Amino acid sequence: SQQGEEDPQALSIQEGENATMNCSYKTSINNLQWYRQNSGRGLVHLILIRSNEREKHSGRLRVTLDTSKKSSSLLITASRAADTASYFCATVLPGGGFKTIFGAGTRLFVKA
Amino acid sequence: DAGITQSPRYKITETGRQVTLMCHQTWSHSYMFWYRQDLGHGLRLIYYSAAADITDKGEVPDGYVVSRSKTENFPLTLESATRSQTSVYFCASSATGSVSQPQHFGDGTRLSIL
């Protein structure tokens, strides 16, 4: 069973709009990470939020974490066509060492 | 250019054949990982390695063998390929075993088994 599940599975927006993707997980975590994957390429790390953090920013990215609801969201503001990609949340379980568990991803399409 | 490279990028083979996917990183990262990516499953960990000569099973290790004689290389072998092993395979590395370390991924090997 997957630890992290993204929602929605796919999202299509216009350039300039904001994109919000959600991730839910099942058990306690040490931290949660978001990755991006462009078509035909490997995953690229975007941002990490620790279990004792509630919000984190990096450029146009804003990540929130609600441990009581076991959920996280990734907001991309003022989206660009270049943001078109799949986005994955990934969690590391307490005691799981460095084993990272990835969700199935949200496919984002930004129309120019 | 430093980084993590996988070869080949594409491979077609037949059931029952042995195939080896290569992974090479130039960062001298201690940890390396092999994942497979299938529609609807995200990435699933096959094997990982904490250092040269130290490897361990991940979530889906059956049918795969790994070795790590040198820090920079982490080949993945399918000893007798099956159609269910058709997938995109990603290699990744991270500097330490800390849970706060991001993983760096190669661009994958798309493997088709006929």
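Caption draft 1: Quick peek at the pattern of salt bridges. Residue and element names in this part refer to chain B. All chains considered together, the criterion is met by six salt bridges over all chains. Of the charged contacts, one joins Arg44 and Asp38 as a salt bridge, the two residues approaching to 3.0 Å between their closest N and O atoms. Residue Arg44 is classed as buried on the basis of its relative accessible area of 18%. Since its relative accessible area comes to 14%, Asp38 is described here as buried. Among the charged side chains, a salt-bridge network with shared partners connects Arg36, Asp38 and Arg44.

Caption draft 2: Spatial organisation of the nonpolar core. The biggest cluster of nonpolar side chains holds 21 residues, and the ones touching the most others in it are Leu32(A), Trp34(A), Leu74(A), Ile76(A), Tyr87(A) and Leu108(A). Among the elements of the structure, strand 3 (19-25), strand 4 (31-37), strand 5 (43-50), strand 7 (61-66), strand 8 (71-76), strand 9 (85-92) and strand 11 (106-111) of chain A are those that each provide at least two residues to this core. Per-element tally for this core: the top contributor is strand 3 of chain A, with four residues. In this structure Ile76(A) touches Glu17(A), Asn18(A), Ala19(A), Met21(A), Arg60(A), Leu61(A), Asp83(A), Tyr87(A) and Leu108(A), once residues within four positions along its chain are discounted. Ranked by size, the runner-up nonpolar core spans 18 residues in total, among them Leu21(B), Val66(B), Phe74(B) and Ala81(B).

Caption draft 3: Main features of the sheet that holds strand 7 (residues 64-66) of chain B. All names here are of chain B. Across the sheet, which stays open at both edges, the four strands sit in the order 1-3-8-7 with antiparallel pairing between neighbours. In this open sheet, the two edge strands, each paired with only one partner strand, are strand 1 (4-7) and strand 7. For this sheet the average axis-to-axis angle between neighbouring strands, irrespective of direction, equals 20°. Two elements, strand 3 (residues 19-25) and strand 8 (residues 76-78), share three bridges in a ladder whose sense is antiparallel. Counted as the bridge partner of Thr20 is Thr77 from strand 8.

Caption draft 4: How the structure looks around the pairing of strand 4 (residues 31-38) of chain B. All names here are of chain B. Most of strand 4 sits inside the fold, with eight of its eight residues counted as buried. On strand 4, burial covers both faces: Tyr31, Phe33, Tyr35 and Gln37 on one face and Met32, Trp34, Arg36 and Asp38 on the other are all buried. Bridge analysis of strand 4 against strand 9 (residues 87-94) gives seven bridges, and the strand direction is antiparallel. Following the sheet pairing, Tyr35 is matched in strand 9 by Phe90. Where strand 4 meets strand 5 (residues 42-51), seven bridges bridge the pair, whose relative direction is antiparallel. Its bridge partner being in strand 5, Phe33 is matched across the sheet by Tyr48. Counting the residues in the hairpin turn of strand 4 and strand 5 gives three residues, including Gly40, whose phi is positive at 85°.

Caption draft 5: Spatial organisation of the sheet that holds strand 7 of chain A. Residues and elements named next belong to chain A. Strand order in the open sheet formed by five strands is 1-3-8-7-6, and the pairing between neighbours is antiparallel. A strand with exactly one partner marks an edge of an open sheet, and here the two such strands are strand 1 (4-7) and strand 6 (55-58). Averaged over all pairs of adjacent strands, the angle between strand axes in this sheet comes to 20°, irrespective of strand direction. Sheet topology places strand 7 next to strand 8; six bridges connect them, and they run antiparallel. Bridging across to strand 8, Val63 finds its partner in Leu74.

Calculation rules
Residues numbered from 1 in each chain as written. Chains lettered and ligands numbered in written order. Predicted model: local features only at pLDDT ≥ 70, side-chain atom pairs only at ≥ 80, totals over all residues. Heavy atoms only, no water. Salt bridge = Lys/Arg side-chain N within 4 Å of Asp/Glu carboxyl O. Buried < 20%, exposed > 50% of the residue type's maximum accessible area, 1.4 Å probe, protein only. Core = buried A, V, L, I, M, F, W, Y, C linked by side-chain atoms within 4.5 Å. Helix = DSSP H or I, 4+ residues; strand = E, 2+ residues; numbered from the N terminus. Contact = heavy atoms within 4.5 Å. Pairing = 2+ DSSP bridges. Axes fitted to C-alpha atoms, helices over the stretch in contact; angles between N-to-C directions.

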